[in-house]
Amino acid sequence: MKVGSIDALVAMVVLSGLYKKFGQNVLNAVAAACGLALARAGWSYWARKRLQRSSAGRQLTAVIVGAGPSGIAAAIKCTQLGIDYVVLETADKAGGTWVNNTYPQCACDVPAYLYHYSFEEKNDWSCPYPLYPEVAAYFQMVSEKHGVHAKTKYRHKALRASWLASEQTWVVDVQNLETSAESKFTANFLVAACGQLHEPAEPSFDVSAFKGPMFHTARWDESHSLKNKKVAVIGTGASAMQLVPCVQKEVKELVVYQRSPNWINTSPMQASPFWDFLVRHSYVVYLYMRYHCFYGADVVLFNSVFNRKTPAAVRQNFENNLRTKMAAQLDPARKKEMEEKLLPQYPVGCKRLCMSDGFIPALMQPNVRIVTDPVLRLSERGVVVNVTPGRTGDAPEEAFDAIILATGFKTGSYSSPFDITGAQGKTLQQMWADDGYGPQAYLGVAVPHFPNLFMYYGPGTNLGAGSILIMIEGQMELMGLAMETVIRKQGSHCIELSEAAYAQRIATYKERVSKTVWADDYCVGKDGKKVNAWNYWNTNWYGTVREYRELTSRFVRNHWKVE
């Protein structure tokens with residue numbers, strides 16, 4: 001991204017004014033800043049040259065599983081370090097979840113000013129919350145520009161990976177999805193960059209009996225038209241928030257099945273043509289917007305919603321404002337009924353805070369009903385529910401022309417969909433089951449007994465607010481520091497996290513996450529069931545994104561064993 005003419009004009013005016021007020025001191029400060037920038041550039045150049053000399057005579061390699069935002073970042077870091085790599089991707093193009101999810105109005109619900117790499121900035125998004133084709137195109141552009149596309153084997157699936165101790169390498173069994181042929185890839189490093197949003201979560205009830213068209217939002221079937229059909233949407237999470245307002249306008253009748261209500265905020269950013277012009281043509285304005293969005297999520301929202309240390313009055317005020325916004329969108333004629341169904345009885349933060357301007361208004365339309373009775377199963381004709389005693393209007397069984405599953409993703413398997421076997425002969429899932437911690441990792445990136453393995457978007461790195469791409473860049477930095485350590489130490493080929501560092505990090509995590517809203521007893525609904533599907537102590541990051549980036553930027557040498 002280049003500095004625009006508007007920035008140059010503003011800089012001239014500002015410097016002129018400062019010079020008039022402070023004189024030569026302003027010029028001295030500018031000169032010092034320029035000198036510091038040159039020194040940093042010189043240090044980076046010297047460090048790269050030194051790294052190249054250290055790696056001379058040997059070529060380290062990596063297998064990266066996944067060509068989404070995480071896999072692309074990992075590949076770019078390998079390029080910077082001179083590590084040869086191959087990326088394995090099951091889809092036919094890069095982009096990860098932005099390629100898999102193609103349901104109507106699928107969009108980024110994080111402000112676009114935050115949803116890009118810091119090393120590949122973009123200030124010309126079409127709107128603050130762009131649709132999936134634009135987001136996917138951005139990642140595909142980055143992949144092409146940085147040479148990742150040329151090193152990616154599309155339609156290739158990692159089946160399993162095993163650490164070969166005698167050779168200090170990873171052996172990955174791979175299947176070509178076009179021919180079904182299997183092959184083996186060998187590399188020094190293995191990067192699991194599958195993310196958490198790749199494997200659709202199936203409902204807890206039996207869906208096998210339904211004979212009509214049925215598909216998950218993450219596997220959208222465009223061959224089936226919903227026009228003038230009677231359609232059921234099961235689930236009211238983030239994807240349903242975007243899908244329902246669009247489908248409502250097309251179908252004859254829409255019934256939405258809700259397990260528990262969500263807190264819903266309206267889009268806080270509405271771009272005007274003038275402001276959009278400034279963001280596109282002024283790097284300073286763009287940076288201001290990026291910082292504004294980052295501060296709003298990382299400081300204001302985190303402390304207003306997720307941090308239990310924040311005074312209760314602050315969190316209650318935030319909740320009251322949301323409740324007022326939601327209630328204002330309800331149909332006055334059915335306000336009491338809709339309040340019971342749509343306004344949560346648990347505090348903000350227990351479930352992911354959703355964002356939508358159109359979801360509640362769509363539910364108020366005459367061709368839409370919302371059902372809160374628990375779904376028991378699907379029948380051949382439609383949906384069977386357990387009708388609440390005394391409630392009228394909802395039938396035990398209702399027939400549909402099509403059913404849409406908006407039930408989210410399996411976010412707890414992390415390394416899935418392939419097994420990773422470490423130095424002790426156990427898979428990652430077996431180790432997590434045996435040690436009693438469940439899925440955990442050192443800053444979400446590494447675990448003991450799995451040398452040269454790095455995870456992206458791993459356990460404990462999900463966010464309640466903010467951009468996961470900023471977290472991914474932190475993981476990219478920590479992985480790079482670990483790989484550099486192997487490169488710099490002559491004769492070494494592997495690096496492994498120590499058990500002590502792992503245990504210490506888990507203890508810190510458990511202590512800190514216990515002070516967040518996710519650990520509170522009031523995240524349990526009136527029926528005694530948790531209102532979210534998170535295992536709070538191994539899913540979400542306990543602090544701010546800024547704190548995470550500070551931790552991943554520091555490589556603590558005694559936390560690692562290098563051989």
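Coordinates for the structure precede this section.
K.L.:
Which parts of the structure should I look at to understand the sheet that holds strand S9 (residues 230–234)?
P.N.:
Pairing is parallel in the open sheet, where five strands are placed in the order S8-S17-S9-S10-S13. The open sheet has two edge strands with one neighbour each: strand S8 (214–216) and strand S13 (368–371). Strand-to-strand twist of the sheet, defined as the mean angle between neighbouring strand axes without regard to direction, takes the value 20 degrees. Looking at chain direction, S8 and strand S17 (residues 402–405) are connected through three bridges and run parallel. Of the residues in S17, the one forming a bridge with His216 is Leu405. Sitting on the sheet, helix H6 (residues 238–248) touches S9, strand S10 (253–257), S13 and S17, and the angle it makes with S10 is about 160 degrees.

K.L.:
Would you mind going over the environment of Phe210 with me for this structure?
P.N.:
Position of Phe210 relative to the elements: it lies in the loop between strand S7 (189–192) and S8. In sequence terms Phe210 and Ala402 are 192 residues apart; their C-alpha atoms lie 9.3 Å from each other. Not counting residues up to four positions away in its chain, the partners in contact with Phe210 are Leu378, Ser379, Glu380, Arg381, Gly382, Phe400, Asp401, Ala402 and Ile403.

K.L.:
Please clarify how helix H3 (residues 69–81) should be interpreted in this entry.
P.N.:
Residues spaced three or four apart along an α-helix point in a common direction, a consequence of the helix completing one turn every 3.6 residues. Along its 13 residues, H3 runs 19 Å from first to last C-alpha, staying within 8% of the 18 Å computed at 1.5 Å per residue. Across the 13 residues that make up H3, a large majority, eleven, are buried. Within two residues after H3, Gly82 carries a phi angle of roughly 80 degrees, on the positive side.

K.L.:
In this structure, what is going on with unusual backbone geometry? I would like to understand it.
P.N.:
Leave glycine aside and you will find that most residues have negative phi; peptide bonds, for their part, are mostly trans. For Ser180, which is not glycine, the phi dihedral falls at a positive 70 degrees. Relative to the helices and strands, Ser180 is located in the loop between strand S5 (169–176) and strand S6 (182–187). Of the residues examined, Ser180 reaches a relative accessible area of 49% and is grouped as partly exposed. The backbone phi angle of Tyr457 is positive, close to 55 degrees, even though this residue is not glycine. As for its position among the elements, Tyr457 is in the loop between strand S19 (453–455) and helix H13 (468–488). Classification of Tyr457 as buried rests on a relative accessible area of 11%.

Reading the values: the criteria
Residues numbered from 1 in each chain as written. Predicted model: local features only at pLDDT ≥ 70, side-chain atom pairs only at ≥ 80, totals over all residues. Heavy atoms only, no water. Pairing = 2+ DSSP bridges. Helix = DSSP H or I, 4+ residues; strand = E, 2+ residues; numbered from the N terminus. Axes fitted to C-alpha atoms, helices over the stretch in contact; angles between N-to-C directions. Contact = heavy atoms within 4.5 Å. Expected span 1.5 Å × (residues − 1). Buried < 20%, exposed > 50% of the residue type's maximum accessible area, 1.4 Å probe, protein only.

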